[in-house]
Each structure stands twice: as structure tokens, then as C-alpha cells.
Amino acid sequence: MLSRLRQFIADVVAPETEDDLAFDDTGYRLAATALLIHVISLDGEPSDVERRKLHELLETRFGLDPGTTARLIKSATLAEGDAVDLYRFTSVIMRTVNEEGRLRIIEMMWELVYADANVTEFEENVVWRAADLLAVSARDRINLKRQVAKNQVAEGPVAYASGAGQVAET
């Protein structure tokens, strides 16, 4: 846990040069995981489905074993709880992750939004803000959303909750 925190601080203070940036660098994992935790925490306590999906995404996308994934989630949950905004995490990602990696992070966010089949405007707004801070175009953000939604439709209906508390299925 301390080594990840040290790496996170090192990335903030002295980021790597742009030529060294790649999606599989380790410095961004805590920041990306904190963003993902923020998404699943927006509508209250994360559901079991959301937790399972988070573990699955981190293990497959970051190539982590279950124990490392659990430790990363624990550290990121603490970091996310202390954060006052998304910039704390997106700034680290911007300095350490290339464009392809940033697109994959936004895709992961959408996968978590759709994981519980209940999409809220707050979740959509957070993905929009994170995408903006990560220099992901509106076009790419929307295309990723459609791609993930299309994959989700094959698994079952998705409920959309509006700010007025109304829910509609698509």
C-alpha cells in the first residue's frame, strides 16, 4: 500500500517523459481505480454486481491477480474518499497514460455505469467530466458509451434514472 502511495506521489511530483508513456505503466493504476470507484459510489453503496465488475475489469485490463486487485481497490477507495474533485486523479492519468489508455479508462467507466443495469444522470455526468479532463473527445466518449450499451443490451434491459426519480427501460 505504501509503495503505491509513494508511486502516486512520485507521479504527481515528477511525471515520466511523454516518450515513456504507455497504458501499462504502474503509476496511473491508483488514479484510474479511484475514478472507477467514484463512478460506482455515486448512487450509494456499490452493489455486488458493481464490485464484481470492478474486480473483473482491473484483473483483466491491468493484468492483476485477485490479491493485488483487492489491495489496489482498498488503496484507491481511501484516495477517492479524500478527494475533493476528479482532477486529482485525471491529472496523474494525463501525465502517465497515452490516448489509447485514456480511451480504455473511459470505456471501463462506462462498463461500470452499465454493470448494475441502472444508469443515472449523475453517473453519465461524471464520465463526461472525466472524459473532458482526460482529453477524450465528446465523439469518442459517446461512441464508447454506445458500444458498451450495445454489449449490455445483449445481456438484459438497462434502466435509466432521471433526476426526478423516474426510471425507464430501454
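The model shown is predicted, which means the values in this text are computed figures rather than measured ones.

(A) View of the packing of helix α6 (residues 99-115) against helix α7 (residues 121-133). As a packed pair, α6 and α7 sit with axes 10 Å apart at the nearest point and diverge in direction by 175°. The angle between α6 and α7 places the two elements in the roughly antiparallel class. Here α6 contributes Ile106, Met109, Trp110 and Val113 to the contact with α7, which in turn contributes Glu123, Glu124, Val126, Val127, Ala130 and Ala131. For the contact of α6 with α7, the residue count by class is eight nonpolar, no polar and two charged.

(B) Structural detail: the side chain of serine 91. Along the polypeptide, serine 91 turns up in helix α5 (residues 87-96). Judged by its relative accessible area of 9%, serine 91 is buried. For serine 91, the side chain forms a polar contact with the main-chain oxygen of arginine 88, separated by 3.4 Å.

(C) Fine view of helix α4 (residues 66-82). Between the first and last C-alpha of α4 there are 25 Å, a value that for 17 residues agrees with the 24 Å anticipated at 1.5 Å per step. Regarding α4, the residues found buried are Thr68, Thr69, Leu72, Ile73, Ser75, Ala76, Ala79 and Glu80.

(D) Molecular detail of the packing of aromatic side chains. Following the criterion strictly, the structure yields two aromatic pairs and no others. Geometrically, the ring pair formed by tyrosine 28 and phenylalanine 62 is edge-to-face, given 5.3 Å between the ring centres and 90° between the ring planes. One end of the pair, tyrosine 28, is in the loop between α1 (2-13) and α2 (29-41); the other, phenylalanine 62, is in helix α3 (residues 48-62), with 34 residues separating them in the sequence. Summarising the burial analysis for this pair, tyrosine 28 and phenylalanine 62 share the class buried. With centroids separated by 6.3 Å and ring planes inclined at 50°, the aromatic side chains of tryptophan 110 and tyrosine 114 adopt a geometry described as tilted. Note that tryptophan 110 and tyrosine 114 are positioned in helix α6 at a spacing of four residues, about one turn of the helix. An identical accessibility class is assigned to tryptophan 110 and tyrosine 114; each is buried.

Procedures and definitions
Starting from 1, residues in each chain are numbered consecutively following that chain's sequence as written. With pLDDT at 70 or above as the cut-off, local features in this predicted model cover only qualifying residues; side-chain atom pairs require 80 or more to be listed or tallied, and sums for whole chains, interfaces and linings still use all residues. Note that water and hydrogens are dropped before the side-chain values are worked out from all heavy atoms of the structure. Note on method: axes are straight lines fitted to C-alpha atoms, helices fitted across the in-contact stretch only, with angles between N-to-C directions ranging 0 to 180 degrees. Going along the chain from the N terminus, every DSSP run of H or I of four or more residues is numbered as a helix, and every run of E of two or more is numbered as a strand. Note that the term roughly parallel is reserved for angles under 35 degrees, roughly antiparallel for angles over 145, roughly perpendicular for angles of 65 to 115, and oblique for everything else. Contact between two residues is taken to exist if any of their heavy atoms lie within 4.5 Å; hydrogens are not considered. Think of it as three bins: nonpolar holds Ala, Val, Leu, Ile, Met, Phe, Trp, Tyr, Cys and Pro, charged holds Asp, Glu, Lys and Arg, and polar takes everything else, Gly as well. For the exposure calls, accessible area comes from a 1.4 Å probe over protein chains only, and a residue counts as buried if that area is under 20% of its type's maximum, exposed if over 50%, partly exposed in between. Throughout this description, a polar contact denotes any pair of N or O atoms lying within 3.5 Å of each other; where both atoms belong to protein, one of them has to be capable of donating a hydrogen while the other can accept it, and for residues adjacent in sequence the pair is counted only when both atoms sit in side chains. Each residue after the first adds 1.5 Å to the expected span of a helix. Geometry of aromatic contacts follows a simple scheme: Phe, Tyr and Trp rings, the Trp one being its six-membered ring, pair when their centres are within 6.5 Å, and the pair is stacked under 30 degrees between planes, edge-to-face over 60, tilted otherwise.

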